[in-house]
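# Structure assessment
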Amino acid sequence: MTAQDTETAKRCCGTSVGVIITDQEQRLLMVTRGWWPLGIAPVAGHVRDEHTGVADALIAEVEEEVGLTVLYAERVGRGHVPNLCASLPHVPEPGHYWWVYRATATGTLTPAPDETQGADWYTPEQVRALADRTLAYARGEITEDEFRAAPGLEAVWIRLLHQAGMLNATHEELALARTLYTTPPDEYWLG
């Protein structure tokens, strides 16, 4: 990215909302992300770039990404995480202040083709397998091309789901995930 590109590229607002939607079978609704960072993750989006607040962002992102209407949401976590996104990093502190919610939603699952590469429901065992795939990628056991072809859990969600009590992760696993979500893409930021 040139200096001129950096001046005109979009800078991250430094805020995100994450929405953990589960069904009656305790399966987790997740989308396959359409751009970097690669991975499968619950619905999430920036708060301060287009929305009036956290509640507005939560409702809008669920509707935009998966076509569902939020019925109820309860905050299960919040705090700063130094995860990078496709936008230039937030200044002065890279990363996002996250608000994470568990929610129920209704409607017909309709993944947005411009926001995702699809959406599906995942059992706790499948979520763990996706986390293990991401950790194998972090250890260099699978290549970037292999990870692109069959992504695992988006790295920051190993931490966020762990904090929400929905995924057990060791200190080593959390550190490996952090390495992934704090390292910029090879192309640098996409702007």
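Provided above is the structure to which this section pertains.
Read on for an overview of the structure. (Residues numbered from 1 in each chain as written. Predicted model: local features only at pLDDT ≥ 70, side-chain atom pairs only at ≥ 80, totals over all residues. Heavy atoms only, no water.)

### Side note on the overall build of the chain
Formally: Each helix is a run of DSSP H or I of at least 4 residues and each strand a run of E of at least 2, with the numbering of both proceeding from the N terminus. Taken over C-alpha atoms, the radius of gyration is set against a globule rule of 2.2 Å times the number of residues to the power 0.38.
Along the backbone of the chain there are six helices and seven strands. Secondary structure of the chain in N-to-C order comes out as α-β-β-β-β-α-β-β-β-α-α-α-α. Relative to its length of 191 residues, the chain is compact, with a C-alpha radius of gyration of 16 Å against a globular reference of 16 Å. Dimensions of the chain along its principal axes, counting C-alpha atoms only, are 50 × 40 × 30 Å.

### Quick notes on the pattern of salt bridges
Condition: A carboxyl oxygen of Asp or Glu within 4 Å of a side-chain nitrogen of Lys or Arg is what we treat as a salt bridge. The classification of residues rests on relative accessible area computed with a 1.4 Å probe and restricted to protein chains. Under 20% of the type maximum is buried, over 50% is exposed, and intermediate values are partly exposed.
For the structure shown, the criterion picks out six salt bridges. The partner of D23 in a salt bridge is R27, with the nearest N and O atoms 2.6 Å apart. A salt bridge links R33 to E154; the nearest nitrogen and oxygen atoms lie 3.6 Å apart. Placement of R33 in strand 2 (residues 28-33) and of E154 in the loop between helix 4 (144-149) and helix 5 (155-163) is noted, with a sequence separation of 121 residues between them. Take R33 and E154: they sit in the same class, and that class is buried.

### Considering the environment of C13
Our working definition: Two residues qualify as a contact provided that any one of their heavy atoms is within 4.5 Å of a heavy atom in the partner residue.
Mapped onto the secondary structure, C13 falls in the loop between helix 1 (3-8) and strand 1 (15-21). Looking at C13, the relative accessible area reads 17%, which means it is buried. When the C-alpha positions of C13 and L160 are compared, they lie 19 Å apart, and in sequence the two are 147 residues distant. Setting aside its immediate chain neighbours within four residues, C13 contacts H46, V47, R48, D49 and H90.

### Topic: the nonpolar core
As a rule of thumb, soluble globular proteins bury nonpolar side chains together. We count it as follows: Throughout this description, the term nonpolar core refers to a set of buried Ala, Val, Leu, Ile, Met, Phe, Trp, Tyr and Cys residues connected via side-chain atoms within 4.5 Å.
The biggest cluster of nonpolar side chains holds 28 residues, and the ones touching the most others in it are M30, W98, V127, L153, W157, I158 and L161. If you list the elements that add at least two residues to this core, you get strand 2, strand 3 (40-41), strand 6 (96-106), helix 3 (124-138), helix 5 and helix 6 (171-181). With six residues, helix 5 is the single largest residue contributor to this core. Residues contacting W157, with those up to four places away along its chain left out, are G18, V19, I20, A41, P42, V43, A44, W98, V100 and H162. Listed in part, the 17 residues of the second largest apolar core include V47, V54, L68 and W99.

### Quick look at a negative patch on the surface
To be explicit about the condition: Patches in this entry comprise residues that are over 30% relatively accessible and not in a salt bridge; like charges within 9 Å are linked, as are nonpolar side chains (Val, Leu, Ile, Met, Phe, Trp, Tyr) within 5 Å. For the accessible areas, the method is Shrake-Rupley and the probe is 1.4 Å, while residue cover comes only from the protein chains on display. Under the convention used here, Asp and Glu are negative, Lys and Arg are positive, and both His and the chain ends fall outside the count. Taken as the charge location is NZ of Lys, CZ of Arg, CG of Asp or CD of Glu.
Together, E50, E63, E64 and D114 make up a region of like negative charge exposed at the surface. With respect to the helices and strands, the residue D114 is situated in the loop between strand 6 and strand 7 (116-122).

### Re the packing of helix 5 against helix 6
The line we're drawing: Angular values range over 0 to 180 degrees, each being the angle between N-to-C directions of two axes fitted as lines to C-alpha atoms, with helices fitted over their stretch in contact. Throughout, the term roughly parallel applies to angles under 35 degrees, roughly antiparallel to angles over 145, roughly perpendicular to angles from 65 to 115, and oblique to all others. For any pair of crossing helices, the crossing counts as left-handed if the nearer helix is rotated counterclockwise from the farther one by less than a right angle, and right-handed if it is rotated clockwise. Side-chain classes follow a simple rule in which Ala, Val, Leu, Ile, Met, Phe, Trp, Tyr, Cys and Pro form the nonpolar group, Asp, Glu, Lys and Arg form the charged group, and the remainder, Gly included, forms the polar group.
Axis separation between helix 5 and helix 6 bottoms out at 7 Å; the angle between their running directions is 135°. Judged by the inter-axis angle, helix 5 sits oblique to helix 6. The two elements helix 5 and helix 6 meet at a crossing, and its hand is left-handed. Residues A155, V156, I158, R159 and H162 of helix 5 pack against L174, A177, R178, L180 and Y181 of helix 6. Across the contact of helix 5 with helix 6, the residue classes break down as seven nonpolar, one polar and two charged.

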